[in-house]
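# Fold and contact review
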Amino acid sequence: MSELEFALNTFYLLMSGALVMWMAAGFTMLEAGLVRRKNASTIVTKNFGLFSIACVMYLVCGFYIMYPGDSAISSLIPGFGSTLGLGMGSQDMSYGSYSEASDFFFQVVFVATAMSIVSGAVAERMKLMPFFFFAIVLTGFIYPVQGYWKWGGGFLDALGYADFAGSGVVHLCGAAAALAAVLILGPRTGKYAEDGSSLAIPGSNIPIAGLGALILWLGWFGFNGGSQLAVNTASDAIAVGQVFLNTNASAAGGVLGAMAAARLVTGKVDVTMAINGAIAGLVSITAAPDTPTGGLATLIGAIGGVIVFFSVTYLDKKFKIDDPVGAISAHGVVGIWGIVAVCLSTDVALSSQVIGALTIFVWTFIVSGLVLYALDKAVGIRASEADEIAGLDQAEIGVESYADAE
Amino acid sequence: MSELEFALNTFYLLMSGALVMWMAAGFTMLEAGLVRRKNASTIVTKNFGLFSIACVMYLVCGFYIMYPGDSAISSLIPGFGSTLGLGMGSQDMSYGSYSEASDFFFQVVFVATAMSIVSGAVAERMKLMPFFFFAIVLTGFIYPVQGYWKWGGGFLDALGYADFAGSGVVHLCGAAAALAAVLILGPRTGKYAEDGSSLAIPGSNIPIAGLGALILWLGWFGFNGGSQLAVNTASDAIAVGQVFLNTNASAAGGVLGAMAAARLVTGKVDVTMAINGAIAGLVSITAAPDTPTGGLATLIGAIGGVIVFFSVTYLDKKFKIDDPVGAISAHGVVGIWGIVAVCLSTDVALSSQVIGALTIFVWTFIVSGLVLYALDKAVGIRASEADEIAGLDQAEIGVESYADAE
Amino acid sequence: MSELEFALNTFYLLMSGALVMWMAAGFTMLEAGLVRRKNASTIVTKNFGLFSIACVMYLVCGFYIMYPGDSAISSLIPGFGSTLGLGMGSQDMSYGSYSEASDFFFQVVFVATAMSIVSGAVAERMKLMPFFFFAIVLTGFIYPVQGYWKWGGGFLDALGYADFAGSGVVHLCGAAAALAAVLILGPRTGKYAEDGSSLAIPGSNIPIAGLGALILWLGWFGFNGGSQLAVNTASDAIAVGQVFLNTNASAAGGVLGAMAAARLVTGKVDVTMAINGAIAGLVSITAAPDTPTGGLATLIGAIGGVIVFFSVTYLDKKFKIDDPVGAISAHGVVGIWGIVAVCLSTDVALSSQVIGALTIFVWTFIVSGLVLYALDKAVGIRASEADEIAGLDQAEIGVESYADAE
Amino acid sequence: MKLITAIVKPFKLDEIRDSLSEVGIMGLTITEVKGFGRQKGHTELYRGSEYTVDFLPKTKIEVAVKDEEADSVIEAITKVANTGKIGDGKIFVSSLDQVVRIRTGELDEDAI
Amino acid sequence: MKLITAIVKPFKLDEIRDSLSEVGIMGLTITEVKGFGRQKGHTELYRGSEYTVDFLPKTKIEVAVKDEEADSVIEAITKVANTGKIGDGKIFVSSLDQVVRIRTGELDEDAI
Amino acid sequence: MKLITAIVKPFKLDEIRDSLSEVGIMGLTITEVKGFGRQKGHTELYRGSEYTVDFLPKTKIEVAVKDEEADSVIEAITKVANTGKIGDGKIFVSSLDQVVRIRTGELDEDAI
Ligand SMILES: Nc1ncnc2c1ncn2[C@@H]1O[C@H](COP(=O)(O)OP(=O)(O)O)[C@@H](O)[C@H]1O
Ligand SMILES: Nc1ncnc2c1ncn2[C@@H]1O[C@H](COP(=O)(O)OP(=O)(O)O)[C@@H](O)[C@H]1O
Ligand SMILES: Nc1ncnc2c1ncn2[C@@H]1O[C@H](COP(=O)(O)OP(=O)(O)O)[C@@H](O)[C@H]1O
């Protein structure tokens, strides 16, 4: 590879990474818009905190665990070490395909994404400090380990499990942790009536929730587009182009699928379902954004959009899983759909995909569950009912989200 | 062209397209900020829907119609076909200047932009489903046909009509459709007093309207910058650089022009005019962002800014054209100015430009008018007065934009 | 350098510049969120205006003053001239490292950043027209002169003062002007009780303030990443990669530093401090984002975050400096920290850094002070108390920021 | 003196104010309130869960008047606020013992 | 006729409405208000400066009733609004001279 | 017992509360209202169209007091709310038949 090719790849990874970093704003806006006013400052705080924790923990140990290279202990157990010293002095200046730092930067924003998924699901009732503590564990350990199994060259990769940009490694992982947290936390006070029926708790700022989803849409071009990891050859460039086209097509399909489902089932077009539809479309295509045609990508996304509509409704009504932003549905249930949909455009074995999904889910769900359970026993992860009623903004932040003094 | 040049061009088109996609968020925020609270969820829904419809319809047939290549029937009548099958398998791997998919991606976000223009103008009174139906027709047929006439190699191109990035093909087209819709719809209830005087209906969220305009500003670098379609040679790179410089300068000029007009005429600086001024500056330069000097670009934008101020006022007061966000003025009236302003920095004949503007306007206005008129007769495109008073959010979405439960 | 390298560099500068332009939206949202509702439209107006003025003034004379090349009069006194004629006709087509226009574009967004810093600090009480007048002077003269001293090849550069992307040239400069303005303006009515204690004036929209900081975070990748000015060689690409990594790490450190300080000192995590922490982290690393390791960058940012927390508190309580958004602390006090922190990862002499910081501060503070003082004597720069109580939106803009008609 | 409190549909406010000024009323105070009554609210679905919006937005208009003006004010309001549809609202009349104009210290009928 | 005005904690609203309908009350009007009383507000820090939130959110419920209904309404409210904690609020009872239903023009007890 | 209702300029609220506590008032309820009166609103232009903001923001303060406290309360309010400029507002005094403290069930003067 020529020096210029190396330079282009590096620049491409950095631009992609910047777009993925931008997804932090997407999650922040989406979640702030879908919670009540009394919890919006908390959501903003949580998102700033989790993103920062992810960046630090991934530097401290996460990146090393996920990509241990030769120091891996086995295909199941990664190696352990730190990349805190990552700097130009330490970088191998005999260049490879892209600079080490650009690779790290591109990877670190992925782990932040996984953790962002949790933040929405536990909104309006989880205490700040336990949340941050869990962020440390997820981003420094739980995520990197399963990441190693696939992208670091571990056993899932060897098994033929295919996951281009992380429908499983990132989205299902985040959603599995979110599910564990939600089960331990229980629903928000007032979410279910005494007769068990589900009550609506409307979000407080739909325009910024919509903005959040559009930010995610944009950021996803970096997420999927960057995951080709090279753009220097004609075939790489063509692949990246296809990834952009398909990512966009699938998101569009997701919106239309969710809108159609909402309209047909309820008679109205719930805008929050359209928003979830976009995300569902994006998650659906993430495991294989390069292989389908534009038409198939649209269809895969549309199915994702329909799934998210029904999943949100049923998780809530049937299983009393209270997920204020629909994260478990959009990233988890649809994440599984995305993993399976790989088989529609490749000759990857369905069994590999099922094993991949199961492995990621079980690992993340169980370890997260244990950590959160221990945390709950130790300090309690749920805010007191009084704090919940007054709003977490008052209890933990001390700043109203929309003060209107004078 | 070397493989690396092909790669760079492809990457550049994809980045440009991502920026243009981002304009969807710009329109959404701008419009959500300038309507009343009771219609903001609807605006978000409309923008998600129209963008998605545009993506799907352009894949179904729009792109093919606009760029039929050899299968064009004549310089007036394009060919018809589909690009649903666009995928790596189908792509010619002997590369050209950039990948097919990157080209499609860059083009598809343009058609969405055109449709976004309509959404603002018809806000607060047009029913959702007819709007979406019209989006299908505009993005799948009306826009591609006139696009073919210029960019697909049709008769407008042959005539020497110059339109670098679409002051006419995109902005005037969108505005002409918007005008047809607004005339059929009529003004919002309560917009004009019985004595015919125009009443103000203030927007509900100025900060996000401002955000919207800044998003558009950013996105426009992709819109204009990408329209050079190549960055691999020194002359292309220099041109793209000039396009960025001029796009920015013209937007700045537009803001200052509109602010100065507002301040001199009314004594205050109406922030929504500053916002419209930015957009007007951007539209003004879009037909020829590469040729003027920075100083001339600033001036072209400033004139656009002054025009938008007076146009907004007069369309409203004199013609009772009720356009809540000023889309017809900013994209249509100023679009014409942009088309004409090409002559200031090139030796393009004024007559070509006038013919171009007329053709685009007449075609879009008439066909849109017919479709909307038929739609109105068939199902009614305007919300009932009761729904309008209660707000479309209640009538069609069922979700309040700023709920403040507890 | 090959044509393609020139092209890649140009494209890279343009993308970087676009990201920096985006910071205008960041400042707008941050400030709009941290002021009261009655002043939010004014903040939006000011930010549109200042950015546009910066773009025009830099074209009129600022760029020439800052980069006079051979026409410089001495290492202290730059040359004077205009780049209004910057256009492809005038550009030297025998290419250098990047296109002239891309260079201008990248530079112009920096001067806008410096002026944006002022806008937040003077919020809620400075009149619009004097503010715009001052913007003309700062962006057309004050900033370019000190910019010349360092980046234009003047005496600070010769002295060995190191400032990679402008902790001093941009951030300290903006903050010094802000400080001068705040001292002349005095605090907002009601900010300090009669007994001198500081009263809180809570911001009105925390989610968009958070959005603003995340926009700045994203934009900063362009700000710092672009300041390498080349990405065409392996070593440049590696440096740019390191800059991205460190910029992100330092921002994360800043958030955690500020959060930890807030939590330990006050028991709660004030979200506005987390927001300031992110900005502080970014400012801290800006003078040398390429040299530290990721771990050191995190630490530098964390210290910046702690500094901003205490600085905000003390400037307010001890010195009665009323800075609604913390701009003087985050860009000024932390800017100085950033300048000094260069010595941690390079062998730059501390004395050069101190002289650099002093020079920039003294020049900007004094000249800004004189201009603002004269302006105040001539027309008054502070809004009347009645206007302040009613809100500047009513007095100067005539548009409520969050109207809720019907 | 009487305090006349009318709970009306919000979009009728401008008409009512005009109608009141025709009968010579120059001052009034309004409050955004929510009403619950015979007029049914509507049921919405938010993310699949039903919720009933049964408190409907209403505007409360308070006017302090001299005793003899009460009837004409009630009539002025009723006339324009009446749409004939359920939910038009109510008027409550109570007695005021005293009225003060803060600016001047004027009392009672002079203060209205 | 009486106007019963209760200032209560906001989260009690739904229960109170249910309790009122049990005693046959079909109409009421609510207003978001802020209360100041024995219940202490809380002190917050915003960017290092202290501020006291001493006006706490309360909901005002107004119900016009026939004289004989007053006691049962008061009881219906007291029963569920009482949490035993400071700040539960107050009920004020005043007399209404007249009530008009705007839609029909019905008067007084018929209008309630 | 009396209910004293004052409509005042919003920025006077803190001063009024302080002035009231000086005369021993420990409880009050406030509502954001909009007032229309002699004080003229202002005319704005929004996108070229004129509109008049003629409802001005006011704060309504309600205080229930014992009969004998009424005068001192009125004075306490008037003293500080008076700016001498049009729009300072009004005070309305009406009688209360009954007051209940929800928490304790205390009645009338004990409940205030
Ligand atoms: N008993 C009551 N006390 C206080 N307010 C009432 C009462 N009954 C009705 N209202 C108010 O009047 C409004 C209209 O009443 P409603 O019964 O819906 O229709 P109508 O006015 O046609 O009888 C309600 O929304 C509520 O605000
Ligand atoms: N004298 C009063 N006049 C008007 N409202 C009052 C008065 N005293 C209390 N309130 C209202 O009642 C609410 C509760 O009063 P508070 O003294 O806090 O507790 P409690 O109701 O338990 O006595 C206050 O927040 C205020 O809205
Ligand atoms: N007759 C009235 N009934 C109810 N409220 C009134 C009445 N007259 C005035 N107000 C209230 O008092 C406020 C001040 O009245 P205004 O006539 O403007 O000035 P002033 O208080 O100096 O006489 C008004 O904004 C309104 O809220």
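Going by the structure above, here's the rest.
I will try to describe carefully the structure that is included in this document. Note that the structure is predicted; figures quoted are calculated from it, not measured.

What counts, and at which threshold
- Residues numbered from 1 in each chain as written.
- Chains lettered and ligands numbered in written order.
- Predicted model: local features only at pLDDT ≥ 70, side-chain atom pairs only at ≥ 80, totals over all residues.
- Heavy atoms only, no water.
- Axes fitted to C-alpha atoms, helices over the stretch in contact; angles between N-to-C directions.
- Helix = DSSP H or I, 4+ residues; strand = E, 2+ residues; numbered from the N terminus.
- Parallel < 35°, antiparallel > 145°, perpendicular 65-115°, else oblique.
- Left-handed = near helix turned anticlockwise from the far one by under 90°.
- Contact = heavy atoms within 4.5 Å.
- Nonpolar A, V, L, I, M, F, W, Y, C, P; charged D, E, K, R; others polar.
- Near = heavy atom within 4 Å.
- Polar contact = N/O pair within 3.5 Å; in protein donor to acceptor, adjacent residues only side chain to side chain.
- Areas by Shrake-Rupley, 256 points an atom, 1.4 Å probe, with all protein chains shown as cover.
- Least-squares fit on C-alpha atoms with pLDDT ≥ 70 in both.
- Salt bridge = Lys/Arg side-chain N within 4 Å of Asp/Glu carboxyl O.
- Buried < 20%, exposed > 50% of the residue type's maximum accessible area, 1.4 Å probe, protein only.
- Buried area = accessible area lost by both parts, 1.4 Å probe.

Below, the discussion takes up the packing of helix 4 (residues 128–150) of chain A against helix 12 (residues 350–378) of chain A. Residue and element names in this part refer to chain A. Two numbers describe how helix 4 lies on helix 12: the axes approach to 10 Å, and their chain directions differ by 155°. Taken together, the axis directions place helix 4 and helix 12 in an arrangement best described as roughly antiparallel. Here helix 4 runs over helix 12; the crossing is right-handed. In this structure, helix 4 uses P130, F133, F134, V137, L138, F141, I142, V145, Q146 and W149 to contact helix 12, whose residues at the interface are T359, I360, W363, T364, V367, S368, V371, L372 and L375. Class assignment for the residues of the contact of helix 4 with helix 12 results in 15 nonpolar, four polar and no charged.

Turning our attention to the site of ligand 3. As a matter of local geometry, ligand 3 sits amid 22 residues, with D:T29, D:A64, D:R101, D:R103 and F:R38 nearest to it. Proximal residues around ligand 3 fall on chains D and F, making this an inter-chain site. One of the side-chain N or O atoms of D:R103 is found 2.6 Å from an oxygen atom in ligand 3. Residue F:K90 places a side-chain N or O atom 3.0 Å away from an oxygen atom belonging to ligand 3. In isolation ligand 3 offers 550 Å² of accessible surface; the protein chains occlude 99% of this area. Counting residues per element, the ones that place at least two in the shell around ligand 3 are strand 2 (28–36) and strand 5 (56–65) of chain D together with strand 2 (28–36) and strand 6 (90–95) of chain F.

On to the relation of the copies chain A and chain B, then. In the superposition of chain A on chain B (RMSD 0.0 Å, axial shift 0.0 Å), the rotation amounts to 120°. Taken together, the rotation angle and the small translation identify this as a three-fold axis. The rotation axis passes nearest to the C-alpha of A:L8 in chain A, at a distance of 4.3 Å.

It is worth spelling out the pattern of salt bridges at this point. The final tally for this structure, using the stated rule, is 39 salt bridges over all chains. As a salt-bridge pair, E:D54 and F:R17 come within 2.9 Å of each other at their nearest N and O atoms. Taken as a pair, E:D54 in the loop between strand 4 (49–53) and strand 5 (56–65) and F:R17 in helix 1 (residues 13–22) lie in two separate chains rather than in one. Among the residues examined, E:D54 registers a relative accessible area of 18% and is labelled buried.

By a widely used convention, the size of an interface equals the accessible area lost when the partners come together. If you look at the interface, chain C gives four residues, while chain F gives six residues. Carbon and sulfur atoms make up 51% of the surface buried where chain C meets chain F, a total of about 430 Å² over both sides. Three residues stand out in chain C for area buried against chain F, namely C:Q394, C:G398 and C:V399, and they jointly supply 69% of the buried area on that side. Applying the counting criterion to the chain C and chain F interface returns two residue pairs in polar contact (both at pLDDT 80 or more). The residue makeup of the side of chain C that touches chain F, split by class, is two nonpolar, two polar and no charged.

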